[in-house]
Amino acid sequence: MSFLQSFFLIFTLVLYAAAQSNSCPGNIQSVEQLVDQCSQLAECTAATRIKSSASGWYKRTTNVVGTANTGCDSIYRLPNPVTPAPPPQNTNNRYEFGVCENTDFKGGDITNGIRGIASLEQLAEDCSARASCIGASRSKWDSSGWPKSLLNVPETNTNVDSIVRINTTAPSIPQDKASLGAWGPVIKFPVIPAGVFVVSEKPRSTRLLLFAAYTEQTFGNGGNGRTQFAEYNLESGAVSKRTISNTQHDMFCPGISTLQDGRVVITGGSNAERTSIYDPSTKAFVSSPNMQMARGYQSSVTLSSGKVFTLGGSWSGGVTVKDGEIYDPTTNQWTKLPGALVRGAVTQDVAADKRDNHHWFFGWRDNSIFQAGPSKQMNWYSAVGSGTVQTAGTRDTEDAMCGIFVMYDALRGKIITAGGSPNYHDNAPNKRAHHITISAPGTAPVVERLPDMAYPRSFSNAVVLPDGKVLITGGQTFARAFTDENSVLVPELFDPSNMTFRQLTPMKTPRNYHSTSLLLPDGRVFAGGGGLCHDIANTCPGISSNHPDGEIFSPPYLFNSDGSDAQRPKIVGLSSDTSTDGYTVRAGGTLTVSVDQQQQGLTFAMLRVGSNTHSVNTDQRRVPLEDIQQNGSLYTLNLPSDNGVMIPGDWYLFVISAQGTPSISRTVTVAL
């Protein structure tokens, strides 16, 4: 971006469209010539040059939206030129903004104003997180900010400063891929993916199922009895839509858990008592018996026995005491656990229906469950008999609703938690992180405070990667549902080798409330959704925060230092001590893996296939495989014998090169 003598901002690869346009005289061969022509016309406030025809078009209004166009360059006249010109504002996600001091752009507002904008730097960061924002104004009087999707004719106002976005897309530097990773293009879906799971397939999974509510982009009050789904093929890119109504279940805001055989149990939500089960062998949903208690926003978790435990969930089905219950897939029945009391796991949220939501559950040994949050008090639950609960001490000094939680090393019981806010909505989250180590059920966990994340986050998501690092995406620095305000586009990567976070390449789209993320079979990460507001009350702030789309992140381990694709190791053969095709194995069993060529420094890991809604993914965990015998390019892997570590269900098997690059995984079912 350049500031020229006539005080114009240059927008490269941008088209300005406006009704009030006139052709510039002459053959416009350069941006400098375009500036010269526009500066001689008093009514010219902006101009665009079309490269192919060398034609120029000056604008008598700035009622325009700057759109990316590689065939055009545009300029914008600063309304109040000063000498020297103010320096541009550069944001953390690499957007650049020109500064227009003592200038106000009337109209074109995206929001009704944002409180507490203390500086132009903060204003630029906010605007850069909004896909539709091309500029913004800030009141010096009350520190309010006004992001804009249109830049109308500016007015002089000594109480207001404004900024104008220079680049419509953040610049990409190929060499950065090896250290910062890279995002792929935005993928459009027919629904907002507020929930997502991987479909069980052998030898590897190729499909995601994504779902919204009873309509594609809004939710209702329950009783609608249907859910809008989309299917995404990871290999072909094909997207299809389906409506599920045969189970009479609006699955918006449910609990999700995967069973040993790859079926997915979806419980409660808008139709709060219902249970629906997706069977990948038939690609169909079937009804299962209702839960003993109606629930919504509850978490559920698969146990060492293959059963499913759930607790809480007062968002729907009434605000009441919602103790635990357990689903047995063998008998297809739910059973109350009167001893698994919810009261120790509630937060102090100002909203009563939000206090028992989104528990941070980890299935562990002997049908036990470790609850790490979001309440500051942690607990050990047991699903044996009528159930029990035992306090496990405190994690922090305050609750952390909609924070992240991941077991990145189940072999050693190692967990990371971070972010979250004391109240679900309209609250400032923290950026604190904690490391928790669990051992025998009922024993006190070891809790350590980690260095902070770079950003406080609420409504973010986290995924454990094959190398044991944890990717944290999205969220807001102030929890305000159904908006893109205060979005964090910059992901952070937690590295357990040094217990620190580092920032990666910004994502393209804000991912806040009702966003999701999942590890994919090839070691990339899907992130999608956000928005999906209530339609009945008609109180939504607008549809600009609705994101019926997703994007896929390639972590740094997939690139060489020059930005080219790193070579992956390949699994060319797989068997187990219980199946010649390696499709199933038991805890304590062995897998025999053949790789494409003998290499030094190969490592192996198994990661349980995940599901996600509302920042909750109780299915995922990682187990490093360390008991290995090698014979050339043939490796025998001995699995841990504990089903509390190796929870029954589908797992990705990865082989990882000495440089840290994972193979494309094979899907292996850990069976009882």
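Residues numbered from 1 in each chain as written. Predicted model: local features only at pLDDT ≥ 70, side-chain atom pairs only at ≥ 80, totals over all residues. Heavy atoms only, no water.

A.B. asks: Just checking my understanding: could you explain the overall build of the chain for this structure?
C.D. replies: Looking only at helices and strands, the chain has 3 helices and 53 strands in total. Classification of the 672 residues of the chain by burial places 60% in the buried group. Here the contacts in the chain between residues at least 6 apart in sequence split such that 61% fall between residues at least 24 apart. Summed over all atoms, the accessible surface of the chain reaches about 23,700 Å², with 48% contributed by carbon and sulfur. (Helix = DSSP H or I, 4+ residues; strand = E, 2+ residues; numbered from the N terminus. Buried < 20%, exposed > 50% of the residue type's maximum accessible area, 1.4 Å probe, protein only. Contact = heavy atoms within 4.5 Å. Areas by Shrake-Rupley, 256 points an atom, 1.4 Å probe, with all protein chains shown as cover.)

A.B. asks: Explain the packing of aromatic side chains to me, please; I cannot follow it from the model alone.
C.D. replies: The relation between two aromatic rings is expressed through the spacing of the ring centres and the mutual angle of the planes. Applying the stated criterion across every chain, the model contains 27 aromatic pairs. Ring geometry for F362 against F405: centres 5.7 Å apart, planes inclined by 90°, an arrangement best described as edge-to-face. Highlighted residues: F362 in strand β28 (residues 361–364) and F405 in strand β32 (residues 404–409), separated in sequence by 43 residues. Across the pair, F405 and F362 agree in class, each one buried. Ring geometry for F459 versus Y513: centroids 4.9 Å apart, planes at 45°, classification tilted. Of this pair, F459 sits in the loop between β35 (446–450) and β36 (461–464) while Y513 sits in the loop between β39 (500–503) and β40 (515–519), placing them 54 residues apart in sequence. (Phe/Tyr/Trp six-rings, centres within 6.5 Å; stacked < 30°, edge-to-face > 60°.)

A.B. asks: Whenever I open this one, the sheet that holds strand β24 (residues 299–302) confuses me. Can you help?
C.D. replies: Within a beta sheet, neighbouring strands are joined by backbone hydrogen bonds and run either parallel or antiparallel to one another. Reading across from one edge, β24-β25-β26-β27 is the order of the 4 strands in this open sheet, with antiparallel pairing throughout. Of all the strands in the sheet, the pair left with one neighbour each is β24 and β27 (333–336). Pairs of neighbouring strands in the sheet enclose a mean axial angle of 25°, with direction left out of account. Bridge analysis of strand β25 (residues 308–311) against strand β26 (residues 325–328) gives 3 bridges, and the strand direction is antiparallel. Residue pairing in the sheet places T310 in a bridge with E325 of β26. (Pairing = 2+ DSSP bridges. Axes fitted to C-alpha atoms, helices over the stretch in contact; angles between N-to-C directions.)

A.B. asks: Looking at this structure, I do not really get the pairing of strand β43 (residues 549–554). What am I missing?
C.D. replies: Every regular strand shows the same layout, with side chains that alternate between the two sheet faces. Within β43, 6 of the 6 residues are buried, which leaves it mostly tucked inside the rest of the structure. Across 2 bridges, the pairing between strand β13 (residues 182–183) and β43 is antiparallel. Within β43, the residue paired with A182 across the bridge is S554. Alignment of strand β41 (residues 525–529) against β43, held across 4 bridges, turns out to be antiparallel. When the bridges of β43 are listed, A527 appears paired with E551.

A.B. asks: Explain the confidence of the model for the chain to me, please; I cannot follow it from the model alone.
C.D. replies: Atomic detail in the predicted coordinates should be set aside for any region of low pLDDT. With 89% of its residues at a pLDDT of at least 70, the chain reaches an overall mean of 89. Low confidence marks residues 1–6, where pLDDT is under 50. Its contacts with residues over four positions away, or in another chain, come to 18 contacts. (pLDDT = per-residue confidence, 0-100.)

A.B. asks: Please explain the pattern of salt bridges as it appears in this structure.
C.D. replies: Two side chains that carry opposite charge are able to pair once their charged atoms sit near each other. Inspection of the entire model under this criterion finds 24 salt bridges. Ionic pairing is found between K307 and D328, a salt bridge with its closest N-O pair at 3.9 Å. Taken together, the positions of K307 in the loop between β24 and β25 and D328 in strand β26 put the pair 21 residues apart, joining distant regions of the chain. A cluster of three or more residues bridged by salt bridges with shared partners is formed by K188, R511, D549 and E551. (Salt bridge = Lys/Arg side-chain N within 4 Å of Asp/Glu carboxyl O.)

A.B. asks: When you look at the sheet that holds strand β21 (residues 264–267) in this model, what are you seeing that I'm missing?
C.D. replies: Overall, antiparallel pairing links the 4 strands, which are arranged β20-β21-β22-β23 in an open sheet. Only two strands of the sheet have a single neighbouring strand rather than two, namely β20 (255–258) and β23 (284–288). Averaged over neighbouring strand pairs, the angle between their axes works out to 25° when direction is ignored. Of the strand pairs in this sheet, β21 and strand β22 (residues 275–279) are connected by 4 bridges, and their pairing is antiparallel. When the bridges of β22 are listed, T267 appears paired with T275.

A.B. asks: Whenever I open this one, helix α1 (residues 31–39) confuses me. Can you help?
C.D. replies: What sets the pattern is the α-helix's 3.6 residues per turn: residues three or four places apart point alike. The complete set of buried residues in α1 reads V31, L34, V35, Q37 and C38. Looking straight down α1, one finds that the buried residues subtend no more than 165° of arc, so they occupy a single side. (Arc of directions from axis to C-beta.)

A.B. asks: Could you clarify how one ought to interpret the nonpolar core in this entry?
C.D. replies: Generally speaking, soluble globular proteins have nonpolar side chains that are buried together. Grouped together as the largest cluster of nonpolar side chains are 70 residues, with contacts concentrated most on L208, Y232, I416, V470, L519 and F526. Those residues in contact with V470, other than ones at most four positions away along the chain, are V406, Y408, I416, A462, V463, V464, E492, L493 and F494. F370, V623, L639 and V668 belong to the second largest nonpolar core, which has 38 residues in total. (Core = buried A, V, L, I, M, F, W, Y, C linked by side-chain atoms within 4.5 Å.)

A.B. asks: Would you take a moment to explain the environment of P88 for this structure?
C.D. replies: Looking at the secondary structure, you find P88 in the loop between β5 (66–77) and β6 (89–90). Measuring from C-alpha to C-alpha, the distance between P88 and V99 comes to 5.9 Å, with 11 residues separating the pair along the chain.

A.B. asks: Please clarify how the pairing of strand β33 (residues 414–418) should be interpreted in this entry.
C.D. replies: Summarising burial for β33: 4 of the 5 residues are buried, a large majority. Two elements, β32 and β33, share 5 bridges in a ladder whose sense is antiparallel. Bridging from a neighbouring strand, M407 pairs with I415 of β33. The antiparallel pairing of β32 with β33 creates a hairpin that spans 4 residues between the two strands, and G413 there sits at a positive phi of about 65°. Pairing of β33 with strand β34 (residues 433–437) involves 5 bridges; the strand directions are antiparallel. Bridged to K414 within β34 is T437.

A.B. asks: Which parts of the structure should I look at to understand unusual backbone geometry?
C.D. replies: Excluding glycine, a negative phi dihedral is what most residues carry, and trans is how most peptide bonds are arranged. Going from K202 to P203, the amide bond is cis rather than trans, its omega being 5°. Mapped onto the elements, P203 comes out in the loop between β15 (195–198) and β16 (207–211). A cis amide bond, omega 0°, links G373 with the succeeding residue P374. Of note in the backbone geometry, C253 takes a positive phi value of approximately 65° without being a glycine. Locating C253 in the fold gives a position in the loop between β19 (239–244) and β20.

A.B. asks: Looking at this structure, I do not really get the environment of A410. What am I missing?
C.D. replies: Tracing the backbone shows A410 in the loop between β32 and β33. Along the primary structure A410 and W364 are separated by 46 residues, whereas in three dimensions their C-alpha atoms are 9.2 Å apart. Ignoring any residue separated from it by four or fewer positions in sequence, one finds A410 in contact with W364, R621, R622, V623 and V645.

A.B. asks: Just checking my understanding: could you explain helix α2 (residues 120–128) for this structure?
C.D. replies: Within α2, burial applies to L120, L123, A124, D126, C127 and S128. Close packing links the buried residues of α2 with β6, β7 (96–100), β9 (135–139), β10 (145–148) and β12 (160–165).

A.B. asks: Can you walk me through the side chain of R621 in this structure?
C.D. replies: By the element assignment, R621 lies in the loop between β48 (611–613) and β49 (622–625). Look at R621: it is buried, it has no salt bridge, and the nearest opposite charge is D642 at 8.0 Å. In this structure the side chain of R621 is engaged in a polar contact, spanning 2.6 Å, whose partner is the backbone oxygen of G363. (Lys, Arg positive; Asp, Glu negative; His and termini not counted. Polar contact = N/O pair within 3.5 Å; in protein donor to acceptor, adjacent residues only side chain to side chain.)

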